[in-house]
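So the chains spell out like this:
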Amino acid sequence: MGDFEFEGRVEKLIPAEVRMISGCADSQTSADVGHVGQFQLPDPAGRAGGACTSALLKVLYAEERAPTEDLSWVEVLTRMREILRGDYTQIPQLTSSRKLDVHSPFNIVPPGSYGTRRAVLIGINYVGQQGELSGCHNDAKNIKKYLMNVHGFLEDDIVCLFDDGYHRSPTKNNIIYALQNLAADSQPGDVAFVHYSGHGGFVPDDDGDEEDGYDETMIPVDFQSAGQIRDDDLFKYLVGPMQAGVTLTALMDCCHSGTILDLPYRFMADGAAENMGKDERYDTEKFEGINVVFGGAVACCLVELCACLWDCFDMLMGD
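The rules behind the values
Residues numbered from 1 in each chain as written. Predicted model: local features only at pLDDT ≥ 70, side-chain atom pairs only at ≥ 80, totals over all residues. Heavy atoms only, no water. Pairing = 2+ DSSP bridges. Helix = DSSP H or I, 4+ residues; strand = E, 2+ residues; numbered from the N terminus. Buried < 20%, exposed > 50% of the residue type's maximum accessible area, 1.4 Å probe, protein only. Expected span 1.5 Å × (residues − 1). Arc of directions from axis to C-beta. Contact = heavy atoms within 4.5 Å. Phe/Tyr/Trp six-rings, centres within 6.5 Å; stacked < 30°, edge-to-face > 60°. Axes fitted to C-alpha atoms, helices over the stretch in contact; angles between N-to-C directions. Parallel < 35°, antiparallel > 145°, perpendicular 65-115°, else oblique. Left-handed = near helix turned anticlockwise from the far one by under 90°. Nonpolar A, V, L, I, M, F, W, Y, C, P; charged D, E, K, R; others polar. Salt bridge = Lys/Arg side-chain N within 4 Å of Asp/Glu carboxyl O. Polar contact = N/O pair within 3.5 Å; in protein donor to acceptor, adjacent residues only side chain to side chain.

K.L.:
I would appreciate a short explanation of the sheet that holds strand S11 (residues 277-278) in the present structure.
P.N.:
In a beta sheet, neighbouring strands are held together by backbone hydrogen bonds and run either parallel or antiparallel to one another. One open sheet holds the eight strands; their spatial order is S4-S3-S5-S9-S1-S2-S10-S11, and the pairing between them is mixed. A strand with exactly one partner marks an edge of an open sheet, and here the two such strands are strand S4 (158-162) and S11. Bridge count between strand S2 (residues 93-96) and strand S10 (residues 265-268): four bridges; the pairing is antiparallel. Pairing of Ser96 across the sheet is with Tyr265, part of S10.

Following this line, the structure appears as structure tokens:
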């Protein structure tokens with residue numbers, strides 16, 4: 001398939017401009033997590049939070065101030081790599097639904113953006129469970145401050161899911177509803193942001209669409225009863241339904257996260273790559289077979305019901 005045909009098929013599959021920064025490739029584990037085996041969370045070895053989130057904020061929000069210089073995507077990821085190099089082996093990478101010029105200025109809100117800015121922030125410490133973490137709530141709260149203070153996001157347009165007994169719980173259903181709601185609400189000209197800090201893993205591929213035989217996953221707080229959130233689910237509920245004209249940026253701070261959003265272009269900050277390139281393993285036919293869930297009548301009713309329940313919960317908790 002030629003590049004022109006490939007680009008055309010990708011634009012039909014993923015109408016929005018979607019960019020994802022991840023802490024490591026599918027084969028790597030992030031600094032505070034390991035892979036999930038037999039549905040047991042790994043020992044975090046005393047680490048408090050996600051190294052990827054911390055490194056990004058050191059580059060973009062040191063001392064709670066935005067950098068005085070415009071940084072390119074390459075510069076952001078390279079500086080993250082330098083911060084991580086001392087203690088960690090993970091290599092930050094950028095994947096995208098379009099072939100970005102990685103030497104162009106980094107942005108979450110594109111120049112001239114006129115729409116609403118929405119975010120879903122997920123921090124899971126797995127309180128009381130084996131493999132409990134201690135810093136994922138702080139990761140998400142720090143990202144929230146960065147989005148509000150630097151990029152003009154409003155608090156009312158930011159949904160937080162933390163397992164702290166106060167915010168909405170990051171259960172599998174709540175995470176899917178929040179992402180589905182984000183996709184349904186976002187209109188051309190809007191900006192969306194998703195941050196996930198928690199455990200990530202992989203499970204045997206159940207439909208034969210993964211080259212390595214595994215689906216990458218997010219691990220919700222109730223994974224033992226509800227199961228994990230596969231990369232196919234994220235494409236089905238978030239990536240595929242997002243409308244053309246929307247800019248979505250995701251920061252996935254978990255292990256095995258390199259292709260968790262299944263995006264076709266990739267840049268790794270390994271010092272060897274100079275530009276973003278097409279992922280030669282990317283199979284458009286795989287995604288043409290996924291039944292993307294748009295914000296139709298049934299989906300919207302479920303999302304609105306969940307949002308109503310969330311609002312009632314917020315009122316009761318005084319949030």
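K.L.:
Help me understand the sheet that holds strand S6 (residues 200-204), please; the structure alone is not making it clear to me.
P.N.:
Spatially, S6-S7-S8 is the arrangement adopted by the three strands of the open sheet, whose pairing is antiparallel. Both edges of this open sheet fall to S6 and strand S8 (229-230), since each of them pairs with a single strand only.

K.L.:
Honestly, unusual backbone geometry in this entry has me stumped. Any pointers?
P.N.:
Glycine aside, residues mostly have negative phi, and peptide bonds are mostly found in the trans state. Residues other than glycine seldom take positive phi values, yet Glu63 does so here, at roughly 55 degrees. With respect to the helices and strands, the residue Glu63 is situated in the loop between helix H2 (51-60) and helix H3 (73-85). Taking relative accessible area as the criterion, Glu63 reaches 64% and is therefore assigned exposed. Within the chain, Glu64 stands out as a residue other than glycine whose phi angle is a positive 55 degrees. Here Glu64 falls in the partly exposed class, since its relative accessible area comes to 47%.

K.L.:
Looking at this structure, how should I read H3?
P.N.:
Spacing of three or four residues puts side chains on the same side of an α-helix, whose turn is 3.6 residues. Taking 1.5 Å of rise per residue, the 13 residues of H3 would be expected to cover 18 Å, and the 18 Å separating its terminal C-alpha atoms lies within 8% of that figure. Taken as a whole, H3 has its buried residues at Trp73, Val74, Val76, Leu77, Met80, Arg81 and Leu84. Along the axis of H3, the buried residues cluster in a sector spanning 165 degrees; they form a single face. The secondary structure elements touched by the buried residues of H3 are strand S1 (17-22), H2, S2 and S10.

K.L.:
Can you walk me through the packing of aromatic side chains in this structure?
P.N.:
The description of two aromatic rings rests on the distance between their centres and on the angle between their planes. Scanning the model with the defined rule gives four aromatic pairs in all. Measuring from centroid to centroid gives 5.9 Å for Phe6 and Tyr265, while their planes differ by 85 degrees, and the two rings are edge-to-face. You can see Phe6 sitting in helix H1 (residues 3-13) and its partner Tyr265 sitting in strand S10, a full 259 residues away along the chain. Side by side, Phe6 and Tyr265 carry an identical accessibility label, which is buried. A network of ring pairs unites the aromatic residues Phe6, Tyr265 and Tyr282 as a single cluster.

K.L.:
What exactly am I supposed to notice about the packing of H2 against H3 here?
P.N.:
Axis angle and axis distance: for two packed helices, these are the angle between their axes and the distance between the axes, and together they describe the pair. With their axes 9 Å apart at the nearest point, H2 and H3 run at an angle of 120 degrees to one another. Relative to H3, H2 is oriented oblique. Note that H2 runs across H3; the crossing there is right-handed. Facing Ala51, Cys52, Ala55, Leu56, Lys58, Val59 and Leu60 of H2, the residues of H3 in contact are Val76, Arg79, Met80, Ile83 and Leu84. Partitioning the contact of H2 with H3 into residue classes produces ten nonpolar, no polar and two charged.

K.L.:
Could you clarify how one ought to interpret the pairing of strand S7 (residues 214-218) in this entry?
P.N.:
Successive side chains on a regular strand alternate, one facing one side of the sheet and the next facing the other. Extensive coverage of S7 is indicated by the burial of four of its five residues. The pairing of S7 with S8 spans two bridges and is classified as antiparallel. Its bridge partner lying in S8, Thr217 is registered against Arg230.

K.L.:
Where do I start with the pattern of salt bridges in this structure?
P.N.:
Within this structure, the stated rule accounts for twelve salt bridges. The partner of Glu63 in a salt bridge is Arg65, and the shortest N-O contact between them spans 2.8 Å. Judged by its relative accessible area of 52%, Arg65 falls in the exposed class. Between Lys144 and Glu155 there is a salt bridge, with its nearest N and O atoms 2.8 Å apart. Of this pair, Lys144 sits in helix H4 (residues 136-151) while Glu155 sits in the loop between H4 and S4; the two residues are eleven residues apart in sequence, bridging distant segments of the chain. For Lys144, a relative accessible area of 16% translates into the label buried.

K.L.:
Just to check I follow, could you spell out H2 for this structure?
P.N.:
Most of H2 sits inside the fold, with eight of its ten residues counted as buried. Every buried residue of H2 is listed here: Ala51, Cys52, Thr53, Ala55, Leu56, Leu57, Val59 and Leu60. Buried residues in H2 make contact with S1, H3, H4, strand S5 (191-197) and strand S9 (247-253).

K.L.:
Can you walk me through the side chain of Asp279 in this structure?
P.N.:
Position of Asp279 among the secondary structure elements: in the loop between S11 and helix H8 (284-288). When its relative accessible area of 11% is taken as the criterion, Asp279 is described as buried. A distance of 3.1 Å separates the side chain of Asp279 from the side chain of Arg266, its partner in a polar contact. Every residue in contact with Asp279, bar those within four places of it in the chain, is listed here: Pro264, Tyr265 and Arg266.

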